[in-house]
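# Results of the structural survey
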Amino acid sequence: MVLAVAVVLVIVGLVGIVLPAIPGTVLIFAGLWLAAWGDHFTRVSAGTIVALGVVAVATYLVDMAMMAVGMNRLGTTRRAMAGAAIGTAAGFFFGLPGLVIGPFVGAVIGELTAHGDLNRAGRAGIAAWIGFAIGTVVKVGLAFVMIGIFVAAWFAF
């Protein structure tokens, strides 16, 4: 039963990697920890769980860093960065199209309020979207790294 709950947490966590309202990495980590705990850390050691925790924290850092690096390279303002973050959060309420368009629209609005230059605002929006997309891809990759480390430890016993 514990293993079934752990699997459900990991699956919901994988969905949450893409949907910002669901704490994907936290749920994946919780599911992996629960499975190890249910096995009394026999197959997966506490050291492995700590390593998985480090990777889990890295996913959040990567997510923020990718959008910031992408926007910083184009010289966007802090308002554009804040707008992209707000747009990402607001986009959730509009489903997948909102998640794709939200960071772009938020960054454009943020940059327009700072400089009023539509061309520059468009570049900020594109940078935010590219950063969001790259960050999501990296987060998905790190989530599968977490699962891979866990599975390798589980079956190495």
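Residues numbered from 1 in each chain as written. Predicted model: local features only at pLDDT ≥ 70, side-chain atom pairs only at ≥ 80, totals over all residues. Heavy atoms only, no water.

### Overview of the packing of aromatic side chains
For any pair of aromatic rings, geometry is given as the distance between the ring centres together with the angle between the planes. Inspection of the entire model under this criterion finds three aromatic pairs. Ring geometry for Trp33 and Trp37: centres 6.0 Å apart, planes at 15°, overall stacked. Note that Trp33 and Trp37 are positioned in helix 2 (residues 24-38) at a spacing of four residues, about one turn of the helix. Centre to centre, the rings of Phe150 and Trp154 are 5.7 Å apart; their planes meet at 25°, and the pair counts as stacked. Residue Phe150 and its partner Trp154 are located together in helix 6 (residues 118-156), separated by four residues, close to a single helical turn. Here the two residues Phe150 and Trp154 agree in accessibility, since each one is buried. Grouping aromatic residues by their ring pairs yields a cluster made of Trp33, Trp37 and Phe41. (Phe/Tyr/Trp six-rings, centres within 6.5 Å; stacked < 30°, edge-to-face > 60°. Helix = DSSP H or I, 4+ residues; strand = E, 2+ residues; numbered from the N terminus. Buried < 20%, exposed > 50% of the residue type's maximum accessible area, 1.4 Å probe, protein only.)

### So, the packing of helix 4 (residues 78-91) against helix 5 (residues 95-115)
Between helix 4 and helix 5, the least distance of the axes is 6 Å, while the angle of their chain directions is 155°. In terms of their interaxial angle, helix 4 and helix 5 are classed as roughly antiparallel. When you trace helix 4 past helix 5, the crossing you get is right-handed. From helix 4, Arg79, Ala80, Gly83, Ala84, Gly87, Thr88 and Gly91 reach across to helix 5, where they touch Gly95, Gly98, Leu99, Gly102, Pro103, Gly106, Ala107, Gly110, Glu111, Thr113 and Ala114. A class-by-class count of the residues in the contact of helix 4 with helix 5 yields six nonpolar, 10 polar and two charged. (Axes fitted to C-alpha atoms, helices over the stretch in contact; angles between N-to-C directions. Parallel < 35°, antiparallel > 145°, perpendicular 65-115°, else oblique. Left-handed = near helix turned anticlockwise from the far one by under 90°. Contact = heavy atoms within 4.5 Å. Nonpolar A, V, L, I, M, F, W, Y, C, P; charged D, E, K, R; others polar.)

### So, helix 1 (residues 2-18)
The end-to-end C-alpha distance of helix 1, which contains 17 residues, comes to 25 Å, matching closely the 24 Å that a straight helix rising 1.5 Å per residue would cover. Within the span of helix 1, buried status applies to Ala6, Val10, Gly13, Gly16 and Ile17. All buried residues of helix 1 fall inside an arc of 120° around its axis, so they share one side. For helix 1, the elements touching its buried residues are helix 2 and helix 6. (Expected span 1.5 Å × (residues − 1). Arc of directions from axis to C-beta.)

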